[in-house]
Amino acid sequence: MKLCARFAGLKITGKGYCLVDKIYVLMSSYNGRKYIREQLDSIMAQDCQETGVASLFLFVRDDGSADGTQKILEQYSGKYPGRIKWFQGNNKGVIQSFFELMANAGGADYYALADQDDYWMPSKISTGIKKLKQMEQDGSGKNTGTGSIPLLYCCRPLLADERLNPLSVHVDNPEMKPGFGNALIENIVTGCTAVFNDSLRRMVSGHIPEHATMHDRWMYLAATCFGDIYYDETPYIYYRQHSGNAVGKNTGRLAELKYRINKFKKDNQSSSRQALEFLRIFKTELENRQDLQEKEKLLKLFIKGKKSSSARKKLVNSGRIYRQRSLDNKIFKILVRINFY
């Protein structure tokens, strides 16, 4: 029998293979008593160990709950000793809570983010890891002399009501086309669907940004700039929609239109501010790598556009910044021209 002892979560399969990969699921909780048990159960029921993909561990940072969520976390840590750990943090909000989790979660091969109120299908984690491994084997996951480049997997969420019944969606959901030019102005990564490697974790948590619009959007930006991303159109989570969602989705055309108009107004200058922060943090690496020259130029042009109408015109005409939906894309080009980004 083949033996190895890389991790405490070692499992020997019937074929004698060694389970050496380790995945940490990172959850930020806040007043999640109503739904968190179902989510914890779905995470611990993942098939990644049974399929020989990885050994799964769950780490939870509670962001100052006041509804008894901590008692539930304590119960589950006792139910799964060594596999579920949690700690109490000060209230920072969802963005900084997840960044803190990533900054303190070293030691795994792969990571996943979890919200407290969703429900995962059994093969969510194994599907993500298998795709990341495929990306590595295909060569896209290797960087010259520095090991794996940042890799990110995400999938389309299945919208569900409070009882996890799938919702009918009547809005345009085009097939996603990830890219750096898209990441500058839009986020297509729903964080609770993300599975990623340690290289991306170290990159996004090494210098935690002050002006990230969301933690998952920052990850999308970093992955498309320095690494690779795969967007899976097949859903592997039930994305529960309820009144307490920190971030939700709309299913009706009118509600979606109102949401997007309000979001455009709210996000005025947030994209350019985030881009400036991204350049500040990664300026040295961007300027020193030949393979990143075109992305560096696009990023600087995007930032320059805040002060130059000619730069904005060049940016729009380049065709390199885009949103996923055709109508959104047309609207955003108008907003860029009038310096509203």
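Overview of the structure. Predicted model only: the values in this text are computed from it and were never measured. (Residues numbered from 1 in each chain as written. Predicted model: local features only at pLDDT ≥ 70, side-chain atom pairs only at ≥ 80, totals over all residues. Heavy atoms only, no water.)

**Regarding the overall build of the chain**
Item 1. Of regular secondary structure, the chain possesses twelve helices and twelve strands.
Item 2. Within the span of the chain, comprising 341 residues, buried residues form 53% of the whole.
Item 3. Taking the contacts inside the chain whose residues are at least 6 apart along the sequence as the reference set, 78% of them involve residues at least 24 apart.
Item 4. Carbon together with sulfur atoms contributes 50% to the accessible area of the chain, which is approximately 16200 Å² in total. (Helix = DSSP H or I, 4+ residues; strand = E, 2+ residues; numbered from the N terminus. Buried < 20%, exposed > 50% of the residue type's maximum accessible area, 1.4 Å probe, protein only. Contact = heavy atoms within 4.5 Å. Areas by Shrake-Rupley, 256 points an atom, 1.4 Å probe, with all protein chains shown as cover.)

**Observations regarding the side chain of Ser-126**
Item 1. As for its placement among the helices and strands, Ser-126 is situated in helix H4 (residues 124–137).
Item 2. Here Ser-123 takes part through its backbone oxygen, which lies 3.2 Å from a polar atom of the side chain of Ser-126.
Item 3. Setting aside its immediate chain neighbours within four residues, Ser-126 contacts Asp-47, Cys-48, Thr-51 and Val-53. (Polar contact = N/O pair within 3.5 Å; in protein donor to acceptor, adjacent residues only side chain to side chain.)

**Structural notes on the packing of aromatic side chains**
Item 1. Summed over all chains, the structure comprises 14 aromatic pairs.
Item 2. With centroids separated by 6.5 Å and ring planes inclined at 20°, the aromatic side chains of Tyr-76 and Tyr-80 adopt a geometry described as stacked. Considered together, Tyr-76 and Tyr-80 belong to a single accessibility category, that of buried residues.
Item 3. On the basis of an interplanar angle of 35° and a centroid distance of 6.0 Å, the ring pair of Phe-226 and Phe-278 is categorised as tilted. Within this pair, whereas Phe-226 is found in helix H7 (residues 215–226), its partner Phe-278 is found in helix H9 (residues 270–288), the two being separated by 52 residues in sequence. Residue Phe-226 shares its accessibility class with Phe-278, and that shared class is buried.
Item 4. The structure contains a cluster of three or more aromatic residues connected by ring pairs, namely Tyr-24, Phe-57, Phe-59, Tyr-111 and Phe-196.
Item 5. Between the NZ or CZ atom of Lys-131 and the centre of the ring of Tyr-230, over which it lies, the distance is 4.1 Å. (Phe/Tyr/Trp six-rings, centres within 6.5 Å; stacked < 30°, edge-to-face > 60°. Lys NZ or Arg CZ within 6 Å of the ring centre and 35° of its normal.)

**Overview of the nonpolar core**
In globular proteins that are soluble, nonpolar side chains generally tend to be buried together.
Item 1. Counting 57 residues, the largest nonpolar core has Leu-152, Leu-184, Phe-196, Phe-278 and Leu-299 as the members making the most contacts within it.
Item 2. Counting residues per element, this core draws most heavily on H7, at eight residues.
Item 3. Contacts of Phe-196, omitting those with residues within four sequence positions, involve Met-102, Asp-109, Tyr-110, Tyr-111, Ala-112, Leu-113, Leu-132, Leu-151, Leu-152, Arg-201 and Met-219.
Item 4. The next biggest cluster of nonpolar side chains, apart from the first, holds 36 residues, and it includes Val-25, Met-27, Met-44 and Ile-129. (Core = buried A, V, L, I, M, F, W, Y, C linked by side-chain atoms within 4.5 Å.)

**Thoughts on the sheet that holds strand S5 (residues 119–120)**
Item 1. Judged by pairing direction, the sheet is mixed, and its three strands sit side by side in the order S5-S12-S9 without closing on themselves. Here the strands that pair on one side only, and so sit at the sheet edges, are S5 and strand S9 (158–160).
Item 2. Two elements, S5 and strand S12 (residues 237–240), share two bridges in a ladder whose sense is antiparallel. Within S12, the residue paired with Trp-120 across the bridge is Ile-237. (Pairing = 2+ DSSP bridges.)

**Concerning helix H2 (residues 69–79)**
Item 1. The complete set of buried residues in H2 reads Thr-69, Gln-70, Ile-72, Leu-73, Tyr-76 and Ser-77. For H2, the buried positions fall inside an angular range of 155° around the axis, keeping them on one side. Seen from the open side of H2, the exposed residues pointing more than 90 degrees away from its buried face are Lys-71, Gly-78 and Lys-79.
Item 2. Contacts from the buried residues of H2 go to strand S1 (22–29), helix H1 (36–44), strand S2 (55–62) and strand S3 (84–88). (Arc of directions from axis to C-beta.)

**Some remarks on helix H11 (residues 309–318)**
The periodicity of an α-helix, 3.6 residues per turn, causes residues three or four positions apart to be oriented the same way.
Item 1. Within H11, the full set of buried residues consists of Ala-311, Arg-312, Leu-315 and Val-316. Along the axis of H11, the buried residues cluster in a sector spanning 135°; they form a single face. Those residues of H11 that are exposed and angled more than 90 degrees off the buried face are Ser-310, Lys-314 and Asn-317.
Item 2. Directly after H11, the chain includes Gly-319, whose backbone phi takes a positive value near 75°.

Keep in mind that these numbers describe shape and distance, not what the molecule does.
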